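Overview (structure and organization)
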Amino acid sequence: MSVISEVMDRVKERDPYQFEFHQAAQEVLESLEVTAKKHPEFVRARIYDRIVEPDRAIVFRVPWVDDKGDVQVNRGYRIQFNNAIGPYKGGLRFHPSVNLSILKFLGFEQIFKNSLTTLPMGGAKGGSDFDPKGKSDDEVMRFCQAFVRELYRHIGPDVDVPAGDIGVGGREIGYMFGYYKKIRNDHTGVLTGKGLEWGGSLIRPEATGYGCVYFAAEMLTTKGQSFAGKTVAISGSGNVAQYAMEKVNQLGGRVISLCDSSSTIVDEQGICGEKCDFVLDLKNQRRGRISEYADKYAGAACFIGDSIWDVIKSNGLKVDVALPCATQNEIDGEQAAALVKSGCLCVSEGANMPSTPEAIRVYQDANMLYGPGKAANAGGVATSGLEMSQNSMRLSWSREEVDGRLLEIMKNIHKSCLDAAEAYGKKGDYVTGANIAGFLKVANAMLAYGIV
Ligand code: NDP
Ligand code: 2IT
């Protein structure tokens, strides 16, 4: 039995029901079999056992009052996973499915993702099982204030800098930042994803989606291809999906789908121009459902209860590029096989861990270009890092400056993945490359600190 599989066994034994965390840990640890052989110093210092254990996991009660005057109680979390290379950094997710396993998987992924950006950021994640859907603005505000009433004591611009994720966008960051500022009397870069008028960065809203497309474009370039004329399936219709859609359109691709947790819309004419404005208004201002797109545009089909990956499987739709931008484990092995059959040559993950291990095996067996989330969606947190830099300098950079830096960072991440994969005997394997390149920097820092 290898050192690495023993670590994995201990993870499972310690927390037998944290399935999402097991999945994320297994994928990273498998890639690290080769580093364990090449670097006995990591094994001696028990770096593998240490890196799968969070520095701390904070769990707290969040009581708040709804519009009817009734008291509601949610659970809040912040998993400060690893700060070896910089302050804890990572998003907050508000979704009824949130639990310790999901946040540990996300916090663990964030360690390696943040390391890949080359910026000095440690890994963390947090959130709550609060569901913002169907809540009034006042209810969301009161919840955010109650959440920060506890979270504030654990965060700070040099300690831990949260941001958005599912269910947390500009509105929620505004309420949380405003309340933090009030109770700390401190106007400082404690959260990223802020509004432009109060310390935010241009391009941060666009960054994850743009970055995912930049990463896909880099992968396509290795095969002498580009987005021009490609048919692109996107899942989700939130922050990441919206700006992935915008960038694909700018690069000459045709986006044919979006979805939410209720339905999928397919528009083979392409979701572009005024139709994109409709989607942004529908999802961000009116907070409506994506099925309304099919009510408005007669050429579009709506599939209630199906994901785009179901639709591809059952209808044999042809796609060249897939950008999963909704949630974890949204593509299983059979859906991945349907993607291969549909002619898809590239998957770039805007979401975190959207492909199951079986799906990843299918991509790899078919020799697809596959960019795992921790590399392909790192543009969001990278631009959060740029927001932190601007806050520290008390400056704001132009749109062109931030977008240029984002593009450079995505190209660098792409190259680091390929270089690390080749150096460790796995040429062209972005999964192994991302895991090893992300890990080495963190492991070397942990080694330098001794046993702490
Ligand atoms: P949003 O809340 O803006 O949008 C999420 C979208 O995904 C919505 O369309 C939502 O539909 C759909 N979705 C969420 N959960 C499910 C589910 N269980 N089943 C089906 N659809 C679902 O979130 P983001 O766009 O910010 O995040 C999307 C993904 O990208 C997540 O995996 C997140 O971790 C990842 N990510 C986000 C970053 C960021 O900067 N925001 C950075 C890097 C990764 P519905 O409205 O019906 O819930
Ligand atoms: O998963 C992610 O990388 C994010 N949700 C963004 C985190 C951040 O700190 O910008």
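Residues numbered from 1 in each chain as written. Chains lettered and ligands numbered in written order. Predicted model: local features only at pLDDT ≥ 70, side-chain atom pairs only at ≥ 80, totals over all residues. Heavy atoms only, no water.

Right, let's get into the layout of surface pockets. Considering only enclosed or pocket space, the second largest pocket measures out at about 800 Å³ in volume. Taken together, 31 residues make up the lining of the second largest pocket; nearest its centre are I360, Q364, D429, V431 and T432. Elements with a minimum of two residues in the lining of the second largest pocket: α2 (19-31), α3 (33-38), α15 (357-365), β12 (369-371), α18 (399-423) and α19 (430-448). Taken together, the residues of the lining of the second largest pocket sort by class into eleven nonpolar, eleven polar and nine charged. (1 Å grid on protein atoms, 1.4 Å probe; cavity = no way out; pocket = protein on both sides within 12 Å on 5 of 7 lines; lining within 4 Å. Points joined across faces, edges and corners; volume = space filled by probe spheres on them. Helix = DSSP H or I, 4+ residues; strand = E, 2+ residues; numbered from the N terminus. Nonpolar A, V, L, I, M, F, W, Y, C, P; charged D, E, K, R; others polar.)

Taken together, 14 residues are adjacent to ligand 2, and K89, K113, D165, R204 and S384 come closest. Side-chain polar atom of K89 to an oxygen atom of ligand 2: 2.6 Å apart, as the coordinates give it. Within the backbone of G164, a nitrogen or oxygen atom sits 3.0 Å from a nitrogen atom of ligand 2. In isolation ligand 2 exposes 300 Å². Once the protein is present, 94% of that is buried. Across the shell around ligand 2, the residue classes break down as two nonpolar, seven polar and five charged. (Near = heavy atom within 4 Å. Polar contact = N/O pair within 3.5 Å; in protein donor to acceptor, adjacent residues only side chain to side chain. Areas by Shrake-Rupley, 256 points an atom, 1.4 Å probe, with all protein chains shown as cover.)

So, about the packing of aromatic side chains. The full count for this structure, using the stated rule, is 23 aromatic pairs. Judged by centre distance (6.2 Å) and plane angle (85°), the rings of W64 and F143 are edge-to-face. Of the two residues, W64 sits in strand β1 (residues 56-65) while F143 sits in helix α7 (residues 137-151), which places them 79 residues apart along the sequence. Of the two residues, W64 and F143, both sit in the buried class. Through a chain of ring-to-ring contacts, the aromatic side chains of F60, W64, F94, F130, F143 and F147 assemble into a single cluster. (Phe/Tyr/Trp six-rings, centres within 6.5 Å; stacked < 30°, edge-to-face > 60°. Buried < 20%, exposed > 50% of the residue type's maximum accessible area, 1.4 Å probe, protein only.)

What follows concerns the site of ligand 1. Taken together, 25 residues lie near ligand 1, and D165, T208, S261, R289 and N352 sit nearest. Within the side chain of R204, one N or O atom sits 2.9 Å away from an oxygen atom of ligand 1. Within the side chain of T208, an N or O atom sits 2.8 Å from an oxygen atom of ligand 1. Classifying every residue of the shell around ligand 1 by side-chain character gives six nonpolar, twelve polar and seven charged.

Attention shifts here to the sheet that holds β12. Across the sheet, which stays open at both edges, the seven strands sit in the order β9-β8-β7-β6-β10-β11-β12 with mixed pairing between neighbours. The sheet is open, and its two edges are formed by β9 (301-304) and β12, each paired on a single side. On average, adjacent strands in this sheet sit at an angle of 15° to one another, irrespective of strand direction. The sheet contact formed by strand β11 (residues 346-348) and β12 spans three bridges and is parallel. Residue S348 lies in a different strand from β12, and its bridge partner there is G371. (Pairing = 2+ DSSP bridges. Axes fitted to C-alpha atoms, helices over the stretch in contact; angles between N-to-C directions.)

Our focus in this paragraph is the packing of helix α9 (residues 204-221) against α18. Each pair of packed helices can be described by the angle between their axes along with the distance between the axes. α18 packs onto α9 with a crossing angle of 45° between their chain directions and a minimal axis gap of 9 Å. In terms of their interaxial angle, α9 and α18 are classed as oblique. Of the two possible hands of crossing, α9 and α18 adopt the one that is right-handed. Only R399, D403, L406, L407, M410, K411, I413 and H414 of α18 make contact with α9, whose side of the interface consists of E206, A207, Y210, G211, Y214, F215, E218 and M219. By residue class, the composition of the contact of α9 with α18 is nine nonpolar, two polar and five charged. (Parallel < 35°, antiparallel > 145°, perpendicular 65-115°, else oblique. Left-handed = near helix turned anticlockwise from the far one by under 90°. Contact = heavy atoms within 4.5 Å.)

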